[in-house]
Amino acid sequence: MKIRAAVLEKEGGRQHVQELDLAPPGPGEVLVRLRASGVCRSDYNAIDGTTGSPCPVVLGHEGAGVVEAIGAGVTRVGPGDHVALSWTPSCGECSECVRDLPQLCATVWPVMNEAGLMDGTSRLSRDGERVYHYCFLSTFAEACVVPERSCVRIPDDVPFDVAALVGCAVTTGVGAVWRTASVRPGDRVAVIGCGGVGLSALMAAVAVGAEPVIAVDTTQARVDAAKAFGASAGVVWAGSAEATAEAVREVSGGGVDYAIEATGQGEAMQAAVLSTRTRGAADLIGNPREDTELTVPARTIPRMERRILGSIYGSARPERDFLTTLAVYRSGRLPLDRLISHRLPLAEVNEAFDLMLSGEALRVVLDTTTEGAS
Ligand SMILES: [Zn+2]
Ligand SMILES: [Zn+2]
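Since we're looking at a predicted model, the values are computed, not measured.

Looking now at the coordination of the zinc ion (ligand 1). Ideal values differ by geometry: the angle at a metal is 109.5 degrees with four tetrahedral donors, but 90 or 180 degrees with six octahedral donors. Around the zinc ion (ligand 1), the protein contributes the donor atoms Cys40 (SG), His61 (NE2) and Cys168 (SG), which lie 2.0 to 2.2 Å from the metal centre. Between consecutive donors of the zinc ion (ligand 1), the numbers of intervening residues give the motif C-x20-H-x106-C. Within this pair, whereas Cys40 is found in the loop between β3 (29-38) and α1 (41-48), its partner His61 is found in the loop between α1 and β4 (63-70), the two being separated by 21 residues in sequence. Take Cys40 and His61: they sit in the same class, and that class is buried.

Before going further, it helps to examine the side chain of Asp321. Of note, Asp321 is situated in helix α11 (residues 318-330). Taking the relative accessible area as the measure of exposure, Asp321 reaches 6% and is therefore buried. In this structure the side chain of Asp321 is engaged in a polar contact, spanning 2.6 Å, whose partner is the side chain of Arg179. Discounting chain neighbours no more than four positions away, the residues touching Asp321 are Arg179 and Ala316.

Moving on: a nonpolar patch on the surface. Residues Leu104, Trp109 and Ile312 make up a contiguous nonpolar surface patch of about 230 Å² in total accessible area. Tracing the chain through its elements places Trp109 in helix α3 (residues 108-112). According to the relative accessible area criterion, Trp109 is partly exposed, its value standing at 31%.

Sheets are built from strands paired through backbone hydrogen bonds, the pairs being either parallel or antiparallel. Spatially, four strands are ordered β1-β2-β6-β7 in an open sheet, and the strand pairing comes out antiparallel. If you trace the sheet from one side to the other, it starts and ends with β1 (2-8) and β7 (129-131), each paired once. Mean inter-strand twist for the sheet, computed between neighbouring axes without regard to direction, equals 55°. Bridge count for β1 against strand β2 (residues 15-22) is seven bridges, and the pairing is antiparallel. Bridge assignment links Ile3 to a residue of β2, and that residue is Leu20.

Below, the discussion takes up the pattern of salt bridges. Applying the stated rule across the entire model yields 22 salt bridges. A salt bridge links Glu9 to Arg126, with the shortest nitrogen-to-oxygen separation between them at 2.6 Å. One end of the pair, Glu9, is in the loop between β1 and β2; the other, Arg126, is in strand β6 (residues 124-126), and 117 residues separate them in sequence. Note on Glu9: relative accessible area 33%, which makes it partly exposed. For the salt bridge of Glu96 with Arg99, the shortest nitrogen-to-oxygen distance reads 2.7 Å.

Their axes nearest at 8 Å, the elements helix α8 (residues 241-252) and helix α9 (residues 266-274) cross at an angle of 35°. The way α8 lies across α9 gives a crossing that is right-handed. Here Ala241, Glu242, Ala245 and Arg249 of α8 lie close against α9, whose contacting residues are Glu267, Gln270, Ala271 and Leu274. For the contact of α8 with α9, a count of residues per class yields four nonpolar, one polar and three charged.

Here helix α6 (residues 196-207) is 12 residues long and its end C-alpha atoms lie 16 Å apart, about the 16 Å a rise of 1.5 Å per residue gives. Burial of α6 is extensive: 10 of the 12 residues sit out of reach of the surface. Three or more residues of α6 are buried, namely Gly196, Val197, Gly198, Leu199, Ser200, Ala201, Leu202, Met203, Ala204 and Ala205. Following α6 by one or two positions, Gly209 adopts a phi angle in the positive range, close to 85°.

Attention shifts here to the packing of helix α5 (residues 169-180) against α11. In a pair of packed helices, the angle between the axes and the distance between the axes together describe the arrangement. Viewed as axis vectors pointing N to C, α5 and α11 meet at an angle of 90°, and their least axial separation amounts to 11 Å. On the basis of their axis angle, the class for α5 and α11 is roughly perpendicular. On α11, the residues that touch Val170, Thr171, Val174, Trp178 and Arg179 of α5 are Arg320, Asp321, Phe322, Thr324, Thr325 and Val328. Its residues assigned to classes, the contact of α5 with α11 shows five nonpolar, three polar and three charged.

Quick notes on the rules
- Residues numbered from 1 in each chain as written.
- Chains lettered and ligands numbered in written order.
- Predicted model: local features only at pLDDT ≥ 70, side-chain atom pairs only at ≥ 80, totals over all residues.
- Heavy atoms only, no water.
- Donors = N, O, S within 2.8 Å, 3.2 Å for Na, K, Ca; no water.
- Helix = DSSP H or I, 4+ residues; strand = E, 2+ residues; numbered from the N terminus.
- Buried < 20%, exposed > 50% of the residue type's maximum accessible area, 1.4 Å probe, protein only.
- Polar contact = N/O pair within 3.5 Å; in protein donor to acceptor, adjacent residues only side chain to side chain.
- Contact = heavy atoms within 4.5 Å.
- Patch = residues over 30% accessible without salt bridge, like charges linked within 9 Å, V, L, I, M, F, W, Y side chains within 5 Å.
- Areas by Shrake-Rupley, 256 points an atom, 1.4 Å probe, with all protein chains shown as cover.
- Salt bridge = Lys/Arg side-chain N within 4 Å of Asp/Glu carboxyl O.
- Pairing = 2+ DSSP bridges.
- Axes fitted to C-alpha atoms, helices over the stretch in contact; angles between N-to-C directions.
- Left-handed = near helix turned anticlockwise from the far one by under 90°.
- Nonpolar A, V, L, I, M, F, W, Y, C, P; charged D, E, K, R; others polar.
- Expected span 1.5 Å × (residues − 1).
- Parallel < 35°, antiparallel > 145°, perpendicular 65-115°, else oblique.

Below you can see the structure in the form of structure tokens.
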């Protein structure tokens with residue numbers, strides 16, 4: 001079938017919406033008619049070369065839509081089901097999956113670099129030329145073919161734009177708090193970096209009764225914006241990791257139980273460690289450059305029982321955690337829809353990236369339907 005999709009021709013370039021061929025779903029694959037796709041910093045990492053991806057490629061890994069057709073052997077979903085998409089279609093059988101660590105699936109991660117589906121091949125092409133997938137999803141398109149294991153069926157009344165965000169930013173942030181850290185009522189929490197992921201973490205901390213919840217960012221405006229999401233205090237980046245951490249320790253009455261770091265910047269990660277109290281943990285979510293190193297005062301680790309936790313995709317099990325998160329959203333205690341600052345048609349994908357990079361947007365969601373095309 002023919003679809004319209006945003007294609008990145010080469011690293012560093014702009015994306016162009018054009019017609020592509022999409023092959024039907026093979027065994028264990030699902031054709032999804034996309035309804036919304038969030039724009040994530042990790043998509044930009046493929047454009048600026050931080051992670052790199054073969055081109056031409058259709059980016060986008062934060063999507064939701066309706067199942068249109070299923071390949072042979074698919075049992076998890078059927079036509080008409082609403083789905084949110086996971087970019088870690090864990091195999092369920094490898095050593096990591098057996099240890100209940102599907103987010104670290106030993107099968108999925110090496111295959112992801114091949115920029116196809118689970119067998120390494122593409123379903124996307126243009127005049128017979130291969131077009132690469134991104135994170136198994138490629139959601140900057142009207143439709144996509146994805147692994148069955150990427151599909152999580154969601155209730156029909158969940159808005160597609162909210163469901164799309166649950167596919168990446170929200171699960172990354174919420175899971176870091178609920179799953180990686182297991183934050184409890186009364187725990188002191190700081191969130192360093194209040195973009196879409198950081199604010200998701202912040203809302204999750206507020207929802208479980210953490211107190212205080214301290215927002216840390218580089219400008220007063222962003223700290224104030226975080227307070228509107230329930231932060232009880234704010235700290236503006238004070239020029240260095242130590243000075244910022246000192247401010248957090250002061251505001252929190254001696255350091256936090258969990259410092260959630262969502263920028264991937266070395267200094268911010270350092271500030272997270274230095275912000276913690278005795279037995280406290282830095283919970284590192286941000287994706288640093290490969291050459292980033294983290295220096296911390298080693299003695300404080302045994303002496304204060306400080307800990308450093310890593311968190312990828314919120315340590316989540318998508319088929320469980322997407323639904324848990326959406327249930328709390330539907331109860332009103334996790335106002336995820338407030339993360340969406342801009343909605344644009346797919347045709348304005350480049351403007352969406354400009355908005356994200358300017359820092360003006362919290363989260364931009366693309367309307368991937370034909371009606372949304374301008
Ligand atoms: Zn993402
Ligand atoms: Zn696995």
